[in-house]
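Chain residues, written in single-letter form:
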Amino acid sequence: MVKIKLGYAPTRRSIFSAPDAVKFRGLTADRLKELGVDFVDITDINDEGLLYNDEDMEKIAAKFQAEGVDGLLLAHCNFGTEYVCARLAKKLDVPVLLWGPLDERPEPDGVRLRDTQCGLFATGKVLRRFRVPFTYLTNCRLSDPVFERGIKDFLAVCNVVKTFRSTRILQISTRPFDFWTTMCNEGELLEKFNIQLSPIPMTELIQETEAVRADAEKMQEILDGIRREMTVKIKEEEVENVAALAGAMQNLVKKYGCKAAAIQCWNALQSELGIMPCAANAILNEQGIPVVCETDIHGAITALMVEAAGMGETRGFFADWTIRHPDIENGELLQHCGPWPVSVAREKPELTYPLAFDHPGSLTAEAKHGDVTLCRFDGDNGEYSLLLGRAKGVEGPKCMGTYLWVEVENIKRLEAKIVEGPYIHHCVGIHKDVVPVLYEACKYIGIKPDLYDPIEEEVKAYLRGE
């Protein structure tokens with residue numbers, strides 16, 4: 001289960017009703033508990049449990065840092081003290097959610113107990129002065145559906161940012177010689193984003209594979225899973241090689257403290273084990289440990305971002321853009337040799353031979369149809385961006401490997417984006433609309449969201465609560 005912890009910092013300003021601010025800080029905390037949000041409160045900082053001065057701000061910052069919060073909720077409970085909000089946000093350097101409960105009708109004598117909207121305007125400006133990126137959840141009631149949606153989306157944004165900022169990828173051997181497209185700048189990824197690589201040689205993978213093969217209990221567990229989830233159409237010793245390879249990658253990912261892996265899937269591996277690693281990749285992918293092909297480091301980063309945006313509830317799949325649909329004008333084939341997780345499949349996958357290779361060890365299965373998000377983190381010449389958009393699965397000719405025919409709004413526009421770059425023929429898909437979450441997360445991690453369809457205003461409207 002993904003757990004994201006928020007720092008809850010309700011705020012007020014002295015010229016409006018303090019009792020009303022206290023009332024709404026409590027109501028907001030109660031609503032967060034109803035939604036199952038894990039948050040750190042500040043009721044021990046002062047009698048009101050509110051942020052409104054510098055002295056308390058320092059204590060709140062220390063508490064939130066000690067608790068390791070992943071995001072900050074600045075709930076404006078009457079007006080809010082914009083400068084202490086900004087100082088707190090600057091100290092924490094985590095995603096910030098700016099929100100306040102909708103103001104009530106003024107009293108019969110014209111008095112207003114709160115002035116929340118005006119306070120939100122003020123804090124938004126000061127956050128900009130402090131160069132603190134923030135997410136705005138529209139001024140609404142706690143009972144409004146948009147509040148629940150906005151909180152859950154913000155938790156997903158925090159998860160993407162947390163994942164991205166702590167990414168470490170197991171790089172298994174070099175990229176294949178012919179794949180100049182998958183080269184990456186390791187130093188730049190570390191300097192810009194704190195993304196770390198843990199490179200190992202192919203010999204270390206083979207040695208670990210042999211160690212797993214000698215572990216009868218672990219081998220049996222993996223083999224049982226293969227036979228349960230796949231229709232096996234290769235030789236028994238080849239199935240055992242798949243199981244041993246999957247176990248080896250599991251062990252090495254854990255050993256080096258990684259969250260994902262990128263493997264040189266051909267051709268050194270075939271001379272050592274006689275199999276393709278696709279099905280072994282699929283096993284780890286199903287466990288929420290993305291393993292991508294052709295040592296595509298940027299592809300592994302993309303896979304982590306996508307799964308984080310989906311809060312780990314839905315598996316992503318690493319694919320090639322390959323050919324146009326023969327019958328649908330804006331159709332395209334997403335395909336790869338066979339590394340997709342079995343939960344993505346529309347049918348029980350076959351463990352068999354891949355397209356274009358003579359060695360066994362890949363899956364063949366069409367993926368489920370329905371709506372999908374497609375994206376690609378990539379960069380060159382020092383600039384990075386995230387290509388993203390929506391598609392839907394459609395019917396098409398039978399193919400080999402793991403595949404899905406999709407339809408997009410305008411394939412020519414998408415095709416030009418990929419060719420003109422900085423993207424390549426790889427992408428990651430997920431059966432969930434995570435476009436708004438990924439779009440919003442980009443502001444915190446310092447990359448440009450690049451929508452392949454002109455839906456930016458629609459995405460912004462969604463994020464505004466429309």
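This report concerns the structure included in the present document. (Residues numbered from 1 in each chain as written. Predicted model: local features only at pLDDT ≥ 70, side-chain atom pairs only at ≥ 80, totals over all residues. Heavy atoms only, no water.)

1. Looking at the packing of aromatic side chains
Here is step 1: The tally for this structure, following the rule as stated, stands at 10 aromatic pairs.
Here is step 2: For the ring pair Phe-193 and Tyr-384, a centre distance of 5.2 Å and an interplane angle of 90° mean the geometry is edge-to-face. Of the two residues, Phe-193 is situated in helix 6 (residues 186–193) and Tyr-384 in strand 16 (residues 383–393); the sequence distance between them amounts to 191 residues.
Here is step 3: According to the relative accessible area criterion, Phe-193 is buried, its value standing at 9%.
Here is step 4: Take Tyr-384: its relative accessible area is 8%, and that puts it in the buried class.
Here is step 5: These aromatic residues form a ring-pair network of at least three members: Phe-164, Phe-193, Phe-377 and Tyr-384.
Here is step 6: Lying across the ring of Tyr-52, Arg-12 places its NZ or CZ 4.0 Å from the centre.
Here is step 7: The ring of Tyr-462 has Arg-149 sitting right over it, with the charged end atom 3.9 Å from the ring centre. (Phe/Tyr/Trp six-rings, centres within 6.5 Å; stacked < 30°, edge-to-face > 60°. Helix = DSSP H or I, 4+ residues; strand = E, 2+ residues; numbered from the N terminus. Buried < 20%, exposed > 50% of the residue type's maximum accessible area, 1.4 Å probe, protein only. Lys NZ or Arg CZ within 6 Å of the ring centre and 35° of its normal.)

2. Things to note about the packing of helix 2 (residues 54–67) against helix 3 (residues 82–92)
Here is step 1: Across the interface, helix 2 lies against helix 3 with an axial gap of 10 Å and an inter-helix angle of 30°. For the element pair helix 2 / helix 3, the angle class is roughly parallel. Relative to helix 3, helix 2 is oriented so that their crossing is right-handed. Here helix 2 contributes Asp-54, Met-57, Glu-58, Ile-60, Ala-61, Phe-64 and Gln-65 to the contact with helix 3, which in turn contributes Val-84, Arg-87, Leu-88, Lys-91 and Leu-92. (Axes fitted to C-alpha atoms, helices over the stretch in contact; angles between N-to-C directions. Parallel < 35°, antiparallel > 145°, perpendicular 65-115°, else oblique. Left-handed = near helix turned anticlockwise from the far one by under 90°. Contact = heavy atoms within 4.5 Å.)

3. So, unusual backbone geometry
Here is step 1: Each neighbour pair has its own omega, and for Trp-266 with Asn-267 the value is 10°, a cis peptide bond.
Here is step 2: Within the secondary structure layout, Asn-267 lies in the loop between strand 9 (260–263) and helix 10 (268–273).
Here is step 3: Look at the link from Gly-421 to Pro-422: it is a cis peptide, with omega at 15°.
Here is step 4: Checked against the element boundaries, Pro-422 lands in the loop between helix 13 (411–420) and strand 18 (426–430).
Here is step 5: One non-glycine residue, Glu-294, adopts positive backbone phi at about 55°.
Here is step 6: Positionally, Glu-294 belongs in the loop between strand 10 (291–292) and helix 12 (297–309).
Here is step 7: Even without glycine at this site, Asn-381 takes up a positive phi of about 55°.
Here is step 8: Relative to the elements of secondary structure, Asn-381 occurs in the loop between strand 15 (370–380) and strand 16.

4. A word on the pattern of salt bridges
Here is step 1: Overall, the coordinates contain 32 salt bridges when judged by the stated rule.
Here is step 2: For Arg-376, the salt bridge is made with Asp-296, and the minimal N-O distance between the two is 2.6 Å. Placement of the pair is Arg-376 in strand 15 and Asp-296 in the loop between strand 10 and helix 12, with a sequence separation of 80 residues.
Here is step 3: Residues Glu-466 and Arg-464 are paired through a salt bridge, measuring 2.7 Å at the closest nitrogen-oxygen approach.
Here is step 4: For Glu-466, a relative accessible area of 60% puts it in the exposed group.
Here is step 5: Sharing partners across several salt bridges, the network here consists of Arg-31, Glu-34, Glu-148 and Lys-152. (Salt bridge = Lys/Arg side-chain N within 4 Å of Asp/Glu carboxyl O.)

5. Quick look at a negative patch on the surface
Here is step 1: Residues Asp-215, Glu-217, Glu-221 and Asp-224 make up a contiguous surface patch of negative charge.
Here is step 2: Among the secondary structure elements, Asp-224 is positioned in helix 8 (residues 216–229). (Patch = residues over 30% accessible without salt bridge, like charges linked within 9 Å, V, L, I, M, F, W, Y side chains within 5 Å. Areas by Shrake-Rupley, 256 points an atom, 1.4 Å probe, with all protein chains shown as cover. Lys, Arg positive; Asp, Glu negative; His and termini not counted. Charge placed at Lys NZ, Arg CZ, Asp CG, Glu CD.)

6. Points about the packing of helix 9 (residues 236–255) against helix 11 (residues 278–286)
Here is step 1: Relative to each other, helix 9 and helix 11 sit at 45°, their axes nearing to 8 Å. Here helix 9 is positioned oblique relative to helix 11, judged by the angle of their axes. Relative to helix 11, the crossing made by helix 9 is right-handed. Contacts between helix 9 and helix 11 involve Val-242, Leu-245, Ala-246, Met-249 and Gln-250 from the former and Ala-279, Ala-280, Asn-281, Ile-283 and Leu-284 from the latter.
Here is step 2: Classifying every residue of the contact of helix 9 with helix 11 by side-chain character gives eight nonpolar, two polar and no charged. (Nonpolar A, V, L, I, M, F, W, Y, C, P; charged D, E, K, R; others polar.)

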